[in-house]
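A structural walkthrough
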Amino acid sequence: MLGFAQIFASRLVKAAVILIAIVVMNFFLVHAAPGDPAMVMAGEAGAADEKFVAQLREQFGLDRPILEQLGTYVGKVVQGDLGFSYRQQRPVWDILAERLPATLVLTLTAFLLALALGVALGTLAAVTVGTWADSAITVVALLAYATPIYWIGLMLSLLFSIQLGWLPAFGYETVGAGYTGLAHVADVGKHLILPVITLALFYMASYARLTRASMLEVRGLDFIKTAKAKGLSQGRIVTRHVLRNAILPVITVAGIQAGQLVGGSILIETVFAWPGIGRLAFEAVLQRDYQVLLGIFLVTSIMVILFNILTDILYGLVDPRIQVSQ
Amino acid sequence: MSLSELTRIPTETAAMTTTPLLDVRGLSIALPPGADRPLAVDNLTFTLNPDEILCVVGESGSGKSMTAHAMMGLLPAPHVRVAGGSLLFKGKDVLTMPEAEQRSLRGGRIAMVFQEPMTALNPLMRVGRQIGESLREHTDLPAPARRARVVELLAQVGLPNPAELAEAYPFRLSGGQRQRVMIAMALACQPDILIADEPTTALDVTTQKQILDLIRSIQAERHMGMMFITHDFGVVAEIAHRVAVMRHGKLVEYGPASDVLNRPQHPYTRQLIASVPHYIEHRDDHTKAGAPLLVADKVRKVFHVGGGLFKASKEVVAGDDLSLTIHPGETVGLVGESGSGKSTLGRSIVGLIKPDSGRILFQGTDLLALDRKGFRPYRRAVQMVFQDPYASLNPRHRVGDIVAQGPVAFGEDRGKALARARELLAMVGLDGSAADRYPHEFSGGQRQRIGIARALAMEPKLLVADEPVSALDVSVQGQVLELLDDIRKRLNLAMLFITHDLRVAAQVCDTIAVMRRGRIVELGTAREVFTNPRDAYTRSLLDAIPGKSWHIPEDLQAKMGSGVAGAH
Amino acid sequence: MMKSEFWRAFARNKGAVLGLVILAAIVFLAAFASFLFPNDPWDMATAPFQPPLSEDALLGSDMLGRDIAAGIAHGARVSLLIGLTSTAAALAIGVTLGALAGFHGGRVDDAIMRFTELFQTIPNFVLAVVLVAIFTPSLTTIVLAIAIVSWPPLARLARAEFLSLRTREFVQAAITTGQSNTTIILRQILPNSLSPIIVSASLMVATAILLESSLSFLGLGDPNAMSWGYMIGAARTVIRQAWWMSVFPGLAIVLTVLALNLVGEGLNDALNPKLARSRG
């Protein structure tokens, strides 16, 4: 297992490098923006009071050489100091930490659901290729590909909450109900259904298409011929030989698309008033609260890196070759 | 021996001949509409008896694999299907059996070994399990017994540490080892029939010999009926009891091996046998006149593969201490198995790779000491013919342009270059309209002719030919070799001919250098190397040539050099 | 490839033909928006909250009495414009970087691929939001932001193509016959790597339109340009009372993106016939 540990270690180093690059990018974004960096950090010009702006200048040494400023900034971020939101009068990290769990629940559930359902539907389409089931899955995937996720969210809530009244249209829990224990979990779960489905739909379509294409390709490979020549049943060939090989590119793409999925949570949380980081991003945009926005940028990037490590582990579990090559 | 025993033997033999293991009657297999012919296999009839090896011989597209695929249910349905006839296994038609019964035959009574060992195993499953799957499907053995049987099978096919190997994934095994695993898998349920579809084509010659020996001994031990599909008459001579020759889906000749090999009747069989590369004394030893055209002196090249943040890269010595000379008009063969580094020197001479040390002197100038600009004039003098006729021509350019591009890059007028290109295309045996067409309109052999014309357009003094015929069918191979020989003579070209096939080298080379693991182990005239090899490895290579004890019938020998054959 | 052959392969895909028809209709709508709806789409055209099929507003009006149909027609312009220009910009960045990495290999390749990986790790929509918010929303910043977050897949694709073509024998033959690097890149490699790039680019136009609409939905659209995403974003709070304000612009997006995806698949079938066949 030395190989796996090595890969994991190199993966962590890579992640650290990427993180530092993002912090540096954050810094230059603030400096490249039109206007005084202190004003940019404080929010919309004129909204912040003089004292706060002066304090920012002092804190980040904005009159010093730019490289020194960069050093100060990186040092602060490494210590977990993501700045101070003037709008909310609280440290940015505190605001983010409070919102993080809701977003993690949403994105992780959606990611795993999309992967599981996508692979299942793609497999179904591949084994029934050319039949109505295959066509139906293809059409649904095509539509899901073409529809903006926030609009799907609106339409689902129009149908299931406003018209049918089956599910709550927004929020994390029923306000004022005071549920505890299992009842609370069930309540949150009920609120989770629509946002998760909305967020997962696009990726599910994407993975279903990919699984289908990949399975059709693997089906034509030589070792499937070998399996057939052994007299194995169709079911065993699909589960033991085709699927496992076909799933590898799906995992790779899932890792690459993790960034999009995390980004998509901004839209979903906005539509469903889900009190996570995405919703916070929307509020920050409205209030021009750039400190918070840049903090979100950093935190969501870390989430993507974690998702990537997750997919790497998945890949390593499926493919034994990874331990020596790469 | 008692009388009853004596009388029993002939009756049994008689019974065998009356009910063959496999009886193919009037089999036809249809191709989808729009294919180059309607039937892949056309009214094919033959039988396979227990305890015999039947070789089915043909070139690509002859339909030789289709019968086997039909038997194993591997035809790519619904595009390709059986259109008529029957496939009787022990008297019962496989084609009309219910699917479940067919499946129990496959891998159980009839097993198959494929051509490409590198891709025929599932990369994500331990090899032991892949063999065990067969047992699981066709026997009632409990899991521990299956595991024991797998280890036993792996030992039988001559693999070292079978217990350990059963737990390995395919990527850890070499091509030869994988092919042994495939054979073990096929033998798992003690089949009556073993079908081997070009099982040694993808292997090096010494590995090929080992696998052929293994297949032959296993067949003899178990008295299986074996259908061995191949394109190589050397291999046929090595193992066949009976031979069936196919062309364009039809059976053209069928009979005992000794008849077909030594007294071939059908013109196609005769043509195939005549084009089998063989050692012939095609000219006297080359007399090295004057100064050498090219001298390679202690050339060394190391490749660094893999490597990353936490892993040192692996060093692969592709060439070490490579020294040889090429005189004007001389053909030097560089022979070696895959991974021997035989392409390294050729690629270094034409400037595609840069060696780490050593000198390559062309008419006294060290090419390796030159910078890009200094090297440029020498590009014209040294040209290359590539291996893969399908990859070596840009699919989007007209053939005339492909040939003319080089001279144009050296400042020649485009019109003149194109006119010259037409002349050259005629010289390599293509007609005048070829220049205006695109590569995909030509066959493999014709494309290789275009590649030769492209090299000649530069008016080179030295031609580096890197496996120029290994991707071609045997009959086409002969024609391209003849063309190269003819041109070499007419233009007094020197040639470095790189090949894995000793038989081909024997046919065209004056001097032969044998390479192994990046080093030249033997260097001498073709005659010396073939008649009196000094190095043990050269001897093992020569020993591994399939069918070496078979002599091509006199009347089919030495057709080489009897004029340029038409382009195919 | 012959032109007629291309069209025959394209037309064999019925979905692609349908996509092309829809796309033609949308281009027509965008081109003649000012002619069909001469009034400024931001102006009040009728009473607020008019349902569809009202006298002055075929698709209804919004909470400020603006004509939804006019908004959709003018929004088509913005969508197509941003989709095309940002794809062109992403192509310029991605293909250049990918080609450099693939052709030169080694350290150049390493450096470029690390850079690409960085951009692929960053959640692209979040970066787009940050960029547009900080540099203030306008058509230019939106186009640039979309291009900056969209180029990595194109770079990877171009790199893969160049990497594999570089080792192909016809390119090596071009080297041995003394052709210059520029000739080799432009005449030997690029034409052979173009079809997958064209297909990805056509799909990227669709993605860019989705991205633009998402930005506008969050209020990060160009404040002077009417866009579909903005219309949905503005109407979402009144969806309970007035479904049409969000439904019609949404349908416009779905149709446009669907049409582009269908055309992209048709191009794929026509340009990569082997792949299309293996897709079964």
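Residues numbered from 1 in each chain as written. Chains lettered and ligands numbered in written order. Predicted model: local features only at pLDDT ≥ 70, side-chain atom pairs only at ≥ 80, totals over all residues. Heavy atoms only, no water.

Focus on the interface of chain B and chain C
Quick reminder of the rule: We call two residues in contact when some of their heavy atoms are within 4.5 Å. In short, buried area is how much 1.4 Å probe accessible area vanishes from two parts on joining, totalled over both. Salt bridges are identified by distance alone: a Lys or Arg side-chain nitrogen within 4 Å of an Asp or Glu carboxyl oxygen. Under this definition, polar contacts are N or O atom pairs within 3.5 Å; protein pairs additionally need one hydrogen-donor-capable and one acceptor-capable atom, and for neighbouring residues in sequence, both atoms have to be side-chain atoms. A run of H or I in DSSP becomes a helix once it reaches four residues, and a run of E becomes a strand once it reaches two; helices and strands are each numbered from the N terminus. Each residue gets one label: Ala, Val, Leu, Ile, Met, Phe, Trp, Tyr, Cys and Pro are nonpolar, Asp, Glu, Lys and Arg are charged, and the others, such as Gly, are polar.
With 23 residues of chain B at the contact, the number on the chain C side is 16 residues. Across the chain B/chain C interface, buried area totals approximately 1,800 Å², and carbon plus sulfur atoms make up 48% of it. Considering only the side of chain B, the residues that lose the most area to chain C are Phe386(B), Asn394(B) and Arg396(B), jointly responsible for 25% of the buried surface there. One can count zero salt bridges joining chain B with chain C. Taken together, the links from chain B to chain C amount to 13 residue pairs in polar contact (both at pLDDT 80 or more). At the level of secondary structure, the elements contributing two or more residues to the side of chain B that touches chain C comprise helix H13 (372–381) and helix H14 (399–409) of chain B. For the side of chain B that touches chain C, the class distribution of residues is nine nonpolar, seven polar and seven charged.

Quick look at the domain arrangement of chain B
Residue and element names in this part refer to chain B. Note the threshold: Note: domain ranges come from an automatic or database domain assignment.
Its domain assignment divides chain B into domain 1 (49–64 + 99–274) and domain 2 (294–557). Here domain 1 packs against domain 2, burying approximately 1,900 Å² in sum over the two surfaces, 54% of which is carbon and sulfur. When the area that domain 1 buries against domain 2 is broken down by residue, the three leading residues are Glu59, Asp204 and Val205, summing to 25%. The tally of links from domain 1 across to domain 2 stands at one salt bridge. Our count for the domain 1 to domain 2 interface comes out at nine residue pairs in polar contact (both at pLDDT 80 or more).

A word on the domain arrangement of chain A
Many descriptions give the size of an interface as the accessible area lost when the pieces come together. Residue and element names in this part refer to chain A. Partitioning chain A into domains gives domain 1 (2–92) and domain 2 (100–325). Spacing between the C-alpha centres of domain 1 and domain 2 amounts to 31 Å. Each partner contributes to the interface: domain 1 provides 28 residues, whereas domain 2 provides 22 residues. Seen at the junction of domain 1 and domain 2, the total is zero salt bridges. Summed over the shared surface of domain 1 and domain 2, the number is two residue pairs in polar contact (both at pLDDT 80 or more). Only helix H1 (2–32), helix H2 (37–42) and strand S1 (84–85) provide two or more residues apiece to the side of domain 1 that touches domain 2. For the side of domain 1 that touches domain 2, the element with the most residues is H1, which contributes 15 residues. A class-by-class count of the residues in the side of domain 1 that touches domain 2 yields 19 nonpolar, six polar and three charged.

Focus: the packing of aromatic side chains
Just so we agree on the cut-off: Two rings from Phe, Tyr or Trp (for Trp, the six-membered ring) form a pair when their centres are within 6.5 Å of each other. A pair whose planes differ by under 30 degrees is stacked, one over 60 is edge-to-face, and the rest are tilted. Three labels apply to residues, based on accessible area from a 1.4 Å probe with only protein chains included: buried if under 20% of the type maximum, exposed if over 50%, partly exposed otherwise in between.
Throughout the structure, instances matching the rule amount to 16 aromatic pairs over all chains. Aromatic side chains Phe111(A) and Phe307(A) sit 5.0 Å apart centroid to centroid with 80° between the ring planes, which places their arrangement in the edge-to-face category. Pair noted here: Phe111(A) is in helix H5 (residues 92–127) and Phe307(A) is in helix H12 (residues 290–318), with a separation of 196 residues, a long-range link. Summarising the burial analysis for this pair, Phe111(A) and Phe307(A) share the class buried. For the ring pair Trp243(C) and Phe248(C), a centre distance of 5.9 Å and an interplane angle of 50° mean the geometry is tilted.

Regarding the sheet that holds strand S12 (residues 314–326) of chain B
Residues and elements named next belong to chain B. Under the convention used in this document: Two strands make a pair as long as DSSP finds a minimum of two bridges between them. Helix axes are fitted to C-alpha atoms over the stretch in contact, other axes to C-alpha atoms as well, and angles between N-to-C directions run from 0 to 180 degrees.
Reading across the sheet, the four strands line up as S12-S11-S14-S15 and stay open at both edges, with antiparallel pairing between neighbours. Edge positions in the sheet fall to S12 and strand S15 (365–366), since each has one partner strand and no second. Bridge analysis of strand S11 (residues 294–305) against strand S14 (residues 357–362) gives five bridges, and the strand direction is antiparallel. Pairing of valine 295 across the sheet is with leucine 361, part of S14. Helix H12 (residues 342–349) rests against S11, S12 and S14 of the sheet, and its axis sits at about 115° to S11.

Some remarks on the nonpolar core
Keep this limit in mind: The criterion is simple. A nonpolar core is a set of buried Ala, Val, Leu, Ile, Met, Phe, Trp, Tyr and Cys residues joined through side-chain atoms within 4.5 Å.
In terms of nonpolar packing, the biggest core is built from 148 residues, with Leu293(A), Phe297(A), Val129(C) and Leu215(C) touching the most fellow members. With 15 residues, the single largest contributor to this core is helix H11 (residues 244–271) of chain C. A domain-level breakdown of this core finds at least three residues from each of domain 1 (2–92) and domain 2 (100–325) of chain A. Here Val129(C) is in contact with Ile266(A), Val285(A), Leu293(A), Leu215(C), Leu218(C) and Leu220(C), once residues within four sequence places are set aside. Counting 92 residues, the second largest nonpolar core, distinct from the first, contains Leu21(B), Phe89(B), Ala257(B) and Val260(B).

A short note on the sheet that holds strand S16 (residues 382–385) of chain B
Residue and element names in this part refer to chain B. Overall, mixed pairing links the six strands, which are arranged S16-S17-S18-S13-S19-S20 in an open sheet. This sheet does not close on itself; its edge strands, each paired only once, are S16 and strand S20 (519–525). Taking each pair of neighbouring strands and ignoring which way they run, the sheet shows an average axis angle of 20°. Sheet analysis places strand S19 (residues 511–516) next to S20, joined by six bridges and oriented antiparallel. Residue pairing in the sheet places alanine 513 in a bridge with leucine 523 of S20. In this fold H12 packs onto strand S13 (331–335), S16, strand S17 (462–466), strand S18 (494–499) and S19, with an angle of close to 145° to the strand it touches most, S18. Strands in contact with helix H16 (residues 444–456) are S16 and S17; relative to S16, the strand with the most contacts, it is inclined by about 175°.

Some words on the environment of Arg109(B)
Residue and element names in this part refer to chain B. Mapping arginine 109 onto the fold places it in the loop between helix H3 (99–105) and strand S6 (110–113). Residues arginine 109 and isoleucine 193, 84 residues apart in the sequence, show an inter-C-alpha distance of 6.4 Å. Once residues lying within four places of it in the same chain are set aside, the contact partners of arginine 109 are Phe89, Ser104, Cys189, Gln190, Pro191, Asp192 and Ile193. There is a polar contact of 2.5 Å between the side chain of arginine 109 and the backbone oxygen of glutamine 190.

Some thoughts on unusual backbone geometry
All names here are of chain B. Backbone geometry at lysine 90 places phi at a positive 50°, although glycine is not the residue there. Looking at the secondary structure, you find lysine 90 in the loop between strand S4 (81–89) and strand S5 (92–93). Overall, the relative accessible area of 53% leaves lysine 90 in the exposed class.

Overview of the environment of Asn39(C)
By secondary structure assignment, the location of Asn39(C) is in the loop between helix H3 (33–36) and helix H4 (68–104). Along the primary structure Asn39(C) and Met204(C) are separated by 165 residues, whereas in three dimensions their C-alpha atoms are 32 Å apart.

A few points about the interface of chain A and chain C
Each partner contributes to the interface: chain A provides 45 residues, whereas chain C provides 44 residues. A combined buried area of about 4,100 Å² lies between chain A and chain C, and 77% of that area is made up of carbon and sulfur atoms. If you sort the residues of chain A by the area they bury against chain C, Ala146(A), Tyr150(A) and Trp151(A) come out on top, with a joint share of 14%. At the junction of chain A with chain C, the criterion picks out two salt bridges. Inspection of the region where chain A meets chain C yields six residue pairs in polar contact (both at pLDDT 80 or more). Only H1, helix H6 (132–146), helix H7 (149–163), helix H8 (181–219), helix H10 (234–272), helix H11 (277–287) and H12 of chain A provide two or more residues apiece to the side of chain A that touches chain C. Among the elements that take part in the side of chain A that touches chain C, H12(A) stands out by supplying 10 residues, more than any other. Partitioned by chemical class, the residues of the side of chain A that touches chain C number 34 nonpolar, eight polar and three charged.

Topic: the side chain of Thr200(B)
Along the chain, Thr200(B) turns up in the loop between strand S7 (193–197) and helix H8 (205–222). With near-sequence residues (within four places) excluded, Thr200(B) lies in contact with Gln208(B), Ile211(B) and Leu212(B).

Observations regarding the packing of H7(A) against H10(A)
Residue and element names in this part refer to chain A. Formally: Each angle gets one of four labels, with under 35 degrees taken as roughly parallel, over 145 as roughly antiparallel, 65 to 115 as roughly perpendicular, and the rest as oblique. Each crossing gets its hand from how the near helix is turned against the far one by less than a right angle, where anticlockwise is left-handed and clockwise is right-handed.
The N-to-C vectors of H7 and H10 enclose an angle of 25°; their axes lie 9 Å apart at closest approach. Relative to H10, H7 is oriented roughly parallel. For the pair H7 and H10, the crossing hand works out as right-handed. On H10, the residues touching Ile149, Tyr150, Gly153, Leu154 and Ser157 of H7 are Gly264, Leu267, Ile268, Val271 and Phe272. Among the residues making up the contact of H7 with H10, the classes are represented as seven nonpolar, three polar and no charged.

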